[in-house]
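Observations on the model geometry
Listed below are the residues making up each chain.
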Amino acid sequence: MHPDLTTAELRSERLDLLPIAPEHAEELAAALADPALHAHTGGRPATVEEQRARCARLAAGSPDPAEAWGNWVLRLRADGALTGYVQTTVRPDEAELAWVVGTPWQRRGLATEAARALLAHLAAAGVRTAVAHIHPDHHASAKVARALGLHPTTRTQDGETRWQADLTRNAGPRRAV
């Protein structure tokens, strides 16, 4: 896998997607501090120290040579706020996507916009299949997945539904509603 696949800086209409780094920890911890963000995924908001360790681990990349991790923080250009992140785990047969946007910035289409930029980047690099695992009650994430052209499957993992898109057959991600 080409290193730029998971380390390139990306842009969307309103966002700069920057490769995650430990120096993002304080701002990211603040952006994701609402316990409601964990309603469907479990856990609790990370402390700054926990977030710094997580950012360092993610920035270092996957210890498995058969996969690559890409993690980007989302910087809103209008005011410079760090609003959340998108991530992917790229394996030879597929790329799994995830997205999280802090509560103050939700309902603005930022998760869809960021995930669409990531998906376009992956498709341009030759990734053939995109997947996401979404809790059945997480309607906002399902809406993002639909906007990206992903469709629910009958497969589940840890209580979450697998959503999938064949990037070789799709004309591209659909526009957000």
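The text that follows walks through the structure, step by step, so that each part is easy to find. Here the structure is a predicted model, which is why all the values come from computation and not from measurement. (Residues numbered from 1 in each chain as written. Predicted model: local features only at pLDDT ≥ 70, side-chain atom pairs only at ≥ 80, totals over all residues. Heavy atoms only, no water.)

Considerations on the pattern of salt bridges
Counted by the stated rule, this structure contains nine salt bridges. In this structure, Arg-77 engages Asp-16 in a salt bridge whose closest nitrogen and oxygen atoms are separated by 2.9 Å. Taken together, the residues span a long stretch of sequence, with Arg-77 in the loop between β3 (68-76) and β4 (82-91) and Asp-16 in strand β2 (residues 15-19) at a distance of 61 residues. The exposure class assigned to Asp-16 is buried, which follows from its relative accessible area of 17%. For Glu-94, the salt bridge is made with Arg-91, and the minimal N-O distance between the two is 3.9 Å. Classification of Arg-91 as partly exposed rests on a relative accessible area of 29%. One salt-bridge network, held together by shared partners, links Glu-67, Arg-91, Glu-94, Glu-96 and Arg-162. (Salt bridge = Lys/Arg side-chain N within 4 Å of Asp/Glu carboxyl O. Helix = DSSP H or I, 4+ residues; strand = E, 2+ residues; numbered from the N terminus. Buried < 20%, exposed > 50% of the residue type's maximum accessible area, 1.4 Å probe, protein only.)

Points about the sheet that holds strand β7 (residues 151-157)
Spatially, β1-β2-β3-β4-β5-β6-β8-β7 is the arrangement adopted by the eight strands of the open sheet, whose pairing is mixed. Only two strands of the sheet have a single neighbouring strand rather than two, namely β1 (10-11) and β7. Where β3 meets β4, eight bridges bridge the pair, whose relative direction is antiparallel. Opposite Arg-75, over in β4, you have Leu-82 as the bridge partner. (Pairing = 2+ DSSP bridges.)

A closer look at helix α4 (residues 110-124)
The first and last C-alpha atoms of α4 sit 21 Å apart over 15 residues, in line with the 21 Å expected at 1.5 Å per residue. Across the 15 residues that make up α4, a large majority, twelve, are buried. Buried within α4 are the following residues: Leu-110, Ala-111, Thr-112, Glu-113, Ala-114, Ala-115, Arg-116, Ala-117, Leu-118, Leu-119, His-121 and Leu-122. Phi turns positive one or two residues past the end of α4, at Gly-126, with a value near 100 degrees. (Expected span 1.5 Å × (residues − 1).)

Details of the packing of aromatic side chains
Enumeration over the complete set of coordinates arrives at zero aromatic pairs. The residue whose ring lies beneath Arg-54 is Tyr-85, and the NZ or CZ to ring-centre distance is 5.3 Å. (Phe/Tyr/Trp six-rings, centres within 6.5 Å; stacked < 30°, edge-to-face > 60°. Lys NZ or Arg CZ within 6 Å of the ring centre and 35° of its normal.)

As for unusual backbone geometry
With a phi angle near 65 degrees, Arg-107 is a residue other than glycine that sits in the positive phi range. Mapped onto the fold, Arg-107 is located in the loop between β5 (94-101) and α4. Classification of Arg-107 by relative accessible area gives exposed; the value is 87%. If you check the backbone angles, Asp-158 has positive phi at about 50 degrees while not being a glycine. Structurally, Asp-158 is set in the loop between β7 and β8 (160-166). Overall, the relative accessible area of 76% leaves Asp-158 in the exposed class.

Here we look at the nonpolar core
Counting residues in each nonpolar core, the largest one holds 37 residues, and the members touching the most others are Leu-17, Val-86, Leu-97, Trp-99, Leu-122 and Leu-148. Of all the secondary-structure elements, those providing two or more residues to this core are β2, β3, β4, β5, α4, β6 (129-134), α5 (139-147) and β8. Counting residues per element, this core draws most heavily on α4, at eight residues. Counting residues in each nonpolar core, the second largest holds eleven residues, with Ile-20, Ala-25, Leu-28 and Leu-82 among its members. (Core = buried A, V, L, I, M, F, W, Y, C linked by side-chain atoms within 4.5 Å.)

Thoughts on the pairing of β6
The element β6 is largely enclosed, with a buried count of six among its six residues. The two faces of β6 match: Thr-129, Val-131 and His-133 on one face and Ala-130, Ala-132 and Ile-134 on the other face are all buried. Taken together, the two bridges between β5 and β6 define a ladder with parallel strand orientation. Directly across from Ala-95, in β6, lies its bridge partner Ala-130.

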